[in-house]
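Tertiary structure, described
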Number of protein chains: 2
Amino acid sequence: MEDTPASPAPLTVIGLGPGDASLLTPEARAALEACACVAGYGLYLDLIPPEWLAGKRRISSGMRQERERCAAAVDAALAGEPTALVSSGDAGIYAMAGLALEILEERGLLEIVPFSVVPGVPALCAAAALLGAPLTHDFACVSLSDLLTPLDRIRARLSAALEADFVCVIYNPRSHGRPDHLGMAFDMARKHRAPSCPVGMVRKAYRPGQEVILTTLAEADPRWADMLSLVIIGNSESRLAGPYMLTPRGYARKPGKTA
Amino acid sequence: MEDTPASPAPLTVIGLGPGDASLLTPEARAALEACACVAGYGLYLDLIPPEWLAGKRRISSGMRQERERCAAAVDAALAGEPTALVSSGDAGIYAMAGLALEILEERGLLEIVPFSVVPGVPALCAAAALLGAPLTHDFACVSLSDLLTPLDRIRARLSAALEADFVCVIYNPRSHGRPDHLGMAFDMARKHRAPSCPVGMVRKAYRPGQEVILTTLAEADPRWADMLSLVIIGNSESRLAGPYMLTPRGYARKPGKTA
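Residues numbered from 1 in each chain as written. Chains lettered and ligands numbered in written order. Predicted model: local features only at pLDDT ≥ 70, side-chain atom pairs only at ≥ 80, totals over all residues.

Points about the sheet that holds strand E6 (residues 132–133) of chain A
Residues and elements named next belong to chain A. Taking strand neighbours across the sheet as the criterion, the 3 strands line up as E6-E13-E12 in an open arrangement whose pairing is mixed. In this open sheet, the two strands that pair with only one neighbour each are E6 and strand E12 (239–241). Looking at chain direction, E12 and strand E13 (residues 244–246) are connected through 3 bridges and run antiparallel. Considered in E13, the bridge of Leu 240 is made with Met 245. (Pairing = 2+ DSSP bridges. Helix = DSSP H or I, 4+ residues; strand = E, 2+ residues; numbered from the N terminus.)

Describing helix H4 (residues 96–106) of chain A
H4 of chain A sits mainly inside the fold: 9 of its 11 residues count as buried. Considered for burial, the residues of H4 of chain A that qualify are Met 96, Ala 97, Gly 98, Leu 99, Ala 100, Leu 101, Glu 102, Ile 103 and Leu 104 of chain A. (Buried ≥ 20, exposed ≤ 12 C-beta atoms within 10 Å, placed from the backbone.)

With respect to the relation of the copies chain A and chain B
When chain A is fitted onto chain B, the two copies agree to an RMSD of 0.0 Å after a turn of 180° and an axial shift of 0.0 Å. Within this description, the copies of the chain are treated as partners about a two-fold rotation axis. Most of the interface of chain A is mirrored in chain B, where 99% of its interface residues are also at the interface. (Least-squares fit on C-alpha atoms with pLDDT ≥ 70 in both. Contact = placed C-beta atoms within 7 Å.)

Some details on the sheet that holds strand E2 (residues 37–41) of chain A
Residues and elements named next belong to chain A. Reading across the sheet, the 5 strands line up as E3-E2-E4-E1-E5 and stay open at both edges, with parallel pairing between neighbours. The sheet is open, and its two borders are formed by strand E3 (57–61) and strand E5 (115–118), each paired with just one other strand. Shown here is a sheet whose adjacent strand axes are inclined to one another by a mean of 20°, direction ignored. Across the sheet, H4 is in contact with strand E1 (11–15), strand E4 (83–87) and E5; its angle to E1 comes to roughly 165°. (Axes fitted to C-alpha atoms, helices over the stretch in contact; angles between N-to-C directions.)

Considering the nonpolar core
Ranked by internal contacts, the top residues of the largest apolar core, which has 184 residues, are Val 74 and Ala 100 of chain A together with Val 74 and Ala 100 of chain B. Among all residues touching Ala 100 of chain B, those that are not within four sequence positions of it are Leu 11, Val 13, Cys 70, Val 74, Leu 85 and Phe 115 of chain B. (Core = buried A, V, L, I, M, F, W, Y, C linked by C-beta atoms within 7 Å.)

A look at the domain arrangement of chain A
Residues and elements named next belong to chain A. Segmenting chain A into domains produces domain 1 (11–121) and domain 2 (124–246). Taking the mean C-alpha position of each, domain 1 and domain 2 sit 28 Å from one another. Taken residue by residue, the interface counts 6 residues in domain 1 and 7 residues in domain 2. The class makeup of the residues in the side of domain 1 that touches domain 2 is 4 nonpolar, 1 polar and 1 charged. (Domains from an automatic or database assignment. Nonpolar A, V, L, I, M, F, W, Y, C, P; charged D, E, K, R; others polar.)

Below, the structure is given as structure tokens:
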């Protein structure tokens, strides 16, 4: 355990929601206002109305420096500065809450630094809302990033989710460093779903430049996606309903049957 | 297609978040304020500050009457009354967005009634925030309700998710009508996870009477849960970190190793 000052300050991990301030909760706003120091990836800090950050110290760095940024946030809280660590979407889904706890644990600070998480509207709910209702039945979230997870494990997990007929939510679908992962995922999906299975692709949900594509597995083009995109592949009962993607609630009641 | 009046009004499906108004987004509040009619399960309407509903018509009914409630909301919008259909949590995850689209589709109204979804903070993110960071890696959501899905399909899906090492988020874990489903889920998990695997159980997240239990698969008692609870079972690398549940971000970097 490290030497600590008399009064470490709270470290609060905050989910900002998808982007627009109208989807940032009052609790997240209050937690931001209560802090003296805000740490986050530059793109995420840019989602916050600038006047909310006036007078606060910022710890910012690029995407790959997340461990250093998180450690700096822990240092700030330990030194007595109330600190917010921000993520877009929810703070817990593939986000900073886990890394913050890992660092607190490694440094023996779990019982020293007051820690809490403010949940947010996650990217998967933002994308789903723009597509219609793709998540009305069981779903699985899979990240295609192999930075920290071996690719064979990602493939095995996605394959199991497809075979068990989960709606599949794909995070980190495609980047310059791994341009082929989403195409691989679509190829895997084609073994378990009909060509007519709906595929929704949402980029920059609730941010300037938002794009929504609703297509089918037969037509889906993986080149359209990037790191700012989220992709949803339906289950065996998902369908296009007019301009919307719809996964019915269950298997027992068939469409067209009235209650 | 039904005969329609000249100007159907918007039907907006709104996620209220887990309960406390501090986690209800400004967008959800604005959408509520813009409507003349609010439809929802009574328990969900009670989550809304009463003054926000002043002067609005309410369509409320019990949990099992959701189809009738949703149809009444469609009728209201079709008749020209701006209508909100509310769910707790997110509006799309096991919630009303799908049923609303099903009814609009059945009645040929998909292109007639303006439809949109306002996403919310889902129950899974609320529970995760209270537990620490259980969702930092791939996860699957499974509902144990067999009202609309055959039990053998639920079992097959949960088994696949456990075997593929997803963190498993259990919705509708237990009710009077199916008191044994969560015990069945724990028994299945014991085939794929160590006895020390963390299990988080959260009841009434961010509502009066909130309860959080963090335990292990060896100790987890299914009798504690009910329909107001959500249960999270870790993956093979999840662990208890002090008073928190932690799923590390990946497999490549082991705890204790610094960047």
